[in-house]
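Topology and contacts: notes
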2 protein chains.
Amino acid sequence: MVSVEVAEKVRDVARKLGYLRNPLASGLRTRRSHTVGVLIPDLTNPVFPPIIRGIERTLAAHGYVALLADSGNSSKNKQALTEGLLARQIDGLILATAHRKDKLVEKCLDFGIPLVLVNRTVDKHHVASVINDDELGIKLAFDHLVGLGHRRIAFVGGPQNTSTAHERYRAFLKLARLAGLAVERQLTANSDAFTEAAGQSAMNRILASHPEPFTAVITANDLLALGCLDAFHEWGLRCPADISLTGFNHVRFMDRLKPRLTTIQIPHDELGVRAALLLLEQIGKETAPTTIRLKPRLVTGDSTRAPSKNQRWPAADPVKAPRSTRHPRAVLGAS
Amino acid sequence: MVSVEVAEKVRDVARKLGYLRNPLASGLRTRRSHTVGVLIPDLTNPVFPPIIRGIERTLAAHGYVALLADSGNSSKNKQALTEGLLARQIDGLILATAHRKDKLVEKCLDFGIPLVLVNRTVDKHHVASVINDDELGIKLAFDHLVGLGHRRIAFVGGPQNTSTAHERYRAFLKLARLAGLAVERQLTANSDAFTEAAGQSAMNRILASHPEPFTAVITANDLLALGCLDAFHEWGLRCPADISLTGFNHVRFMDRLKPRLTTIQIPHDELGVRAALLLLEQIGKETAPTTIRLKPRLVTGDSTRAPSKNQRWPAADPVKAPRSTRHPRAVLGAS
DNA sequence: ATGAAAGCGCTAACAG
DNA sequence: CTGTTAGCGCTTTCAT
């Protein structure tokens, strides 16, 4: 070994000459690319940026870099993009796109690449996952509403092929049963996307079934909640005067809406950080698949209040406007 | 050459065996990684996700993949992350972090790597850039307000070391001069970040100088506009009853705020798409640095209306609350 | 035309 | 312990 100061000098000169070690070449030899794939369903969905940020920051701190791929909610893309990532010799993969039964997840497991699911997981929990405690989240909303005196509570859920939507729906049914509330089929509607348009249409379905008046709605997602507000508007219902409403996810700016939305805050940043750490650990050495479940908390706005004695309730269907152009493009969302 | 069908068969078998060409190895030989670095200042700022999405989608369509790095607004990180990206043999670099005089941009130019700036550019425009036409944007807002009858208009700008903030500020001064409006120093304030907190404090400075009443405010960014709303609230001013307000960027959900914000929509997606295309072109062959300037458009909400005959105006400073904890963490924003 | 061989930049295994 | 060499998977060049 040469003296430390000479070594330092060499390094200095190397830097000055603009030498940068080529990690691709070294990776060719060591089969380590120090690169991780991150596949998300839709960057535009406000849920994901903070997660990605957490992932990226943590990876960078460990000398890794993120290959970002946005599937645009298309499973064809998912497939193709993942193949591209794998070909690029990524050391591991973080998927934010998982469905409850997910072909791609199975393939990746078969492939044997270190894999971590974030935000959503699969039914068979044999994959490392970092998710929100959705049951707790719904419980927080439910208890909050019941505490305010609500007894007839409706539910607007998301696509049941995602673990988040499914868990939230199940949690609602369970809590309602435990609390001794009659769970009427009419009072729940699951939409096929986590979007405002889908939420609006779900709430419309509930209201169009002319149920006995209910005083509160729990939704599985903030965007769905926004859609409910649109539906309320159509039917001449006021929030929170006639109906209380809760969201889920605490998307930015929700505290600046007409009624500030009461919602469930999930630790997005930490979700990303923990996912990255879990993956790095797995890359280091074989590990048994863990599921990390982070605790959400309730953020109270003013979209919830005690039920009113003289609730206004629509006598008939609203006059349909020619076309509600509020949501021109159906952008598929996610949670 | 063997027959086409045999070639096809071989490819099929190769796929079935799970063969994926290793682009790292081929890149070692060809000095093409088919990889592009994307450096952004803060993923959490709602301006960037759609830009990145546009970039990522376009790159993917051309067989490229994005190495995403989030500098968290720190220039040390910028430096380090960029070095990491360059070492990884990226074929090109997209920077969304540029300042008007940007050391890093100069370095990258010296390095000779294909470079495209997006959203913001540098003063010496010798770099390929895809930006918004900020002068036009401010003109749209200005003309809208003047058209409504406003004559005394204030301006809240952003950090003048970014081209966006600088252009918007200059455009405002120019338009005011051309329209023959007296431009009082008191009526303009540039904040040091594109955040709600910075906007609030800037508007507070203006109001605390006790200027002759003004009837409208143009801001250089939606988040700054939100901060202005907070300041209005502190001073007992109503928007739009007492003061009209315009934003800039058309951030999502701005159309659901208390007063729906009148703002300037810039084509974020296209910004990303065009930046990616410009970079790919440059990677293909040496090209003269172009600046692409995309056209924004006005989105009218109800934060703007004709000036009121009986405008309410604060007689004294507001009673200071112990501390406005509205913005606990100062998160540096960007535009 | 077809096939063998060299080498991209690096590291790990190997002699010296 | 130090210095040399082979080879990661691919492309390109050079013989055949």
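Just above, that's the structure.
Read on for an overview of the structure. (Residues numbered from 1 in each chain as written. Chains lettered and ligands numbered in written order. Predicted model: local features only at pLDDT ≥ 70, side-chain atom pairs only at ≥ 80, totals over all residues. Heavy atoms only, no water.)

1. Structural notes on the pairing of strand 4 (residues 115-119) of chain A
All names here are of chain A. Burial of strand 4 is extensive: five of the five residues sit out of reach of the surface. Bridge analysis of strand 3 (residues 92-95) against strand 4 gives three bridges, and the strand direction is parallel. Following the sheet pairing, Leu 93 is matched in strand 4 by Leu 115. For the crossover from strand 3 across helix 5 (residues 103-111) to strand 4, the handedness is right-handed. (Buried < 20%, exposed > 50% of the residue type's maximum accessible area, 1.4 Å probe, protein only. Helix = DSSP H or I, 4+ residues; strand = E, 2+ residues; numbered from the N terminus. Pairing = 2+ DSSP bridges. Right-handed = clockwise from strand over helix to strand, strands pointing away.)

2. With respect to the interface of chain B and chain A
Contacts between the two partners involve 51 residues from chain B, matched on the other side by 51 residues from chain A. Counting the surface lost from both chain B and chain A, the interface buries some 4,500 Å², and carbon and sulfur atoms represent 59% of this. Taken together, the links from chain B to chain A amount to ten salt bridges. For Arg 252 of chain A, the salt bridge identified is with Glu 196 of chain B, shortest N-O distance 3.5 Å. At the surface where chain B touches chain A, the tally comes to 16 residue pairs in polar contact (both at pLDDT 80 or more). Of all the secondary structure elements, the ones that give two or more residues to the side of chain B that touches chain A are helix 2 (23-30), helix 3 (48-61), strand 2 (65-70), helix 4 (75-87) and helix 9 (222-235) of chain B. Looking at the side of chain B that touches chain A element by element, the count peaks at six residues for strand 2 of chain B. A class-by-class count of the residues in the side of chain B that touches chain A yields 26 nonpolar, ten polar and 15 charged. (Contact = heavy atoms within 4.5 Å. Buried area = accessible area lost by both parts, 1.4 Å probe. Salt bridge = Lys/Arg side-chain N within 4 Å of Asp/Glu carboxyl O. Polar contact = N/O pair within 3.5 Å; in protein donor to acceptor, adjacent residues only side chain to side chain. Nonpolar A, V, L, I, M, F, W, Y, C, P; charged D, E, K, R; others polar.)

3. A short note on the packing of aromatic side chains
Residue and element names in this part refer to chain A. Summed over the entire model, instances satisfying the criterion amount to eight aromatic pairs over all chains. Geometrically, the ring pair formed by Phe 155 and Tyr 169 is tilted, given 5.8 Å between the ring centres and 35° between the ring planes. With Phe 155 in strand 6 (residues 153-157) and Tyr 169 in helix 7 (residues 163-178), this residue pair connects regions lying 14 residues apart in the sequence. Residue Phe 155 shares its accessibility class with Tyr 169, and that shared class is buried. Connected via pairs of aromatic rings, a cluster forms that spans Phe 142, Phe 155, Tyr 169 and Phe 172. Residue placement shows Arg 168 over the ring face of Phe 248; its charged tip is 3.9 Å from the ring centre. (Phe/Tyr/Trp six-rings, centres within 6.5 Å; stacked < 30°, edge-to-face > 60°. Lys NZ or Arg CZ within 6 Å of the ring centre and 35° of its normal.)

4. Focus: the sheet that holds strand 1 (residues 35-40) of chain B
Taken in spatial order, the twelve strands line up as 11(A)-5(A)-4(A)-3(A)-1(A)-2(A)-2(B)-1(B)-3(B)-4(B)-5(B)-11(B) in an open sheet, and their pairing is mixed. The open sheet has two free edges, formed respectively by strand 11 (291-294) of chain A together with strand 11 (291-294) of chain B, since each of these has just one partner strand. Strand-to-strand twist of the sheet, defined as the mean angle between neighbouring strand axes without regard to direction, takes the value 20°. Both strand 1 of chain B and strand 3 (residues 92-95) of chain B contribute to a ladder of four bridges, which runs parallel. Among the inter-strand pairings, Leu 39 of chain B is bridged to a residue of strand 3 of chain B, identified as Leu 95 of chain B. Strands strand 2 (65-70) of chain A together with strand 1, strand 2 and strand 3 of chain B of the sheet are contacted by helix 4 of chain B, whose axis makes an angle of about 175° with strand 1 of chain B. (Axes fitted to C-alpha atoms, helices over the stretch in contact; angles between N-to-C directions.)

5. Quick look at the sheet that holds strand 9 (residues 244-246) of chain B
All names here are of chain B. In spatial order, the strands read 7-6-8-9; together these four strands make up an open sheet with parallel pairing. Only two strands of the sheet have a single neighbouring strand rather than two, namely strand 7 (188-190) and strand 9. Neighbouring strand axes in the sheet, compared pairwise and without regard to direction, differ in orientation by 15° on average. The pairing of strand 6 (residues 153-157) with strand 8 (residues 216-219) spans four bridges and is parallel. Across the sheet, Ala 154 pairs through a bridge with Val 217, a residue of strand 8. The sheet contacts of helix 6 (residues 134-148) involve strand 6, strand 8 and strand 9, and relative to strand 8 the element is tilted by about 170°.

6. Re the relation of the copies chain B and chain A
Superposing chain B onto chain A takes a rotation of 180° plus a shift of 0.0 Å along the axis, which leaves an RMSD of 0.0 Å. Each copy turns onto its partner about a two-fold axis. (Least-squares fit on C-alpha atoms with pLDDT ≥ 70 in both.)

7. Here we look at the side chain of Glu 196 of chain A
Within the secondary structure, Glu 196 of chain A sits in helix 8 (residues 196-208). On the basis of relative accessibility, which here comes to 13%, the residue Glu 196 of chain A falls in the buried class.

8. As for the nonpolar core
Ranked by size, the top nonpolar core spans 156 residues in total, and within it Met 203 and Phe 232 of chain A together with Met 203 and Phe 232 of chain B carry the most contacts. Discounting chain neighbours no more than four positions away, the residues touching Met 203 of chain B are Val 156, Phe 214, Val 217, Cys 228, Ala 231 and Phe 232 of chain B. Counting 38 residues, the second-largest nonpolar core is a separate cluster that includes Ala 98 of chain A together with Leu 85, Leu 95 and Ile 113 of chain B. (Core = buried A, V, L, I, M, F, W, Y, C linked by side-chain atoms within 4.5 Å.)

9. Here's the deal with the packing of helix 3 (residues 48-61) of chain A against helix 10 (residues 268-284) of chain A
Residues and elements named next belong to chain A. Contact pair helix 3 / helix 10: the axes reach a minimum separation of 7 Å and the direction vectors enclose 40°. Considering the angle they form, helix 3 stands oblique to helix 10. Of the two elements, helix 3 crosses helix 10, and the hand of that crossing is right-handed. Seen from helix 3, the contacting residues are Pro 50, Ile 51, Gly 54, Ile 55, Arg 57, Thr 58 and Leu 59; seen from helix 10, they are His 268, Asp 269, Leu 271, Gly 272, Val 273, Ala 276, Leu 277 and Leu 280. A breakdown of the residues in the contact of helix 3 with helix 10 according to their chemical character gives nine nonpolar, four polar and two charged. (Parallel < 35°, antiparallel > 145°, perpendicular 65-115°, else oblique. Left-handed = near helix turned anticlockwise from the far one by under 90°.)

10. Some words on the pattern of salt bridges
Taken as a whole and assessed by the stated rule, the structure comprises 32 salt bridges over all chains. With a shortest N-O distance of 3.0 Å, Arg 260 of chain B and Asp 302 of chain B are connected by a salt bridge. With Arg 260 of chain B in the loop between strand 9 and strand 10 (263-265) and Asp 302 of chain B in the segment after strand 12 (297-299), this residue pair connects regions lying 42 residues apart in the sequence. On the basis of relative accessible area, Arg 260 of chain B is assigned to the partly exposed category, the value being 35%. With a relative accessible area of 32%, Asp 302 of chain B lands in the partly exposed category. Several salt bridges share partner residues, and in doing so they unite Glu 196 and Asp 230 of chain A together with Arg 252 and Arg 256 of chain B into one network.

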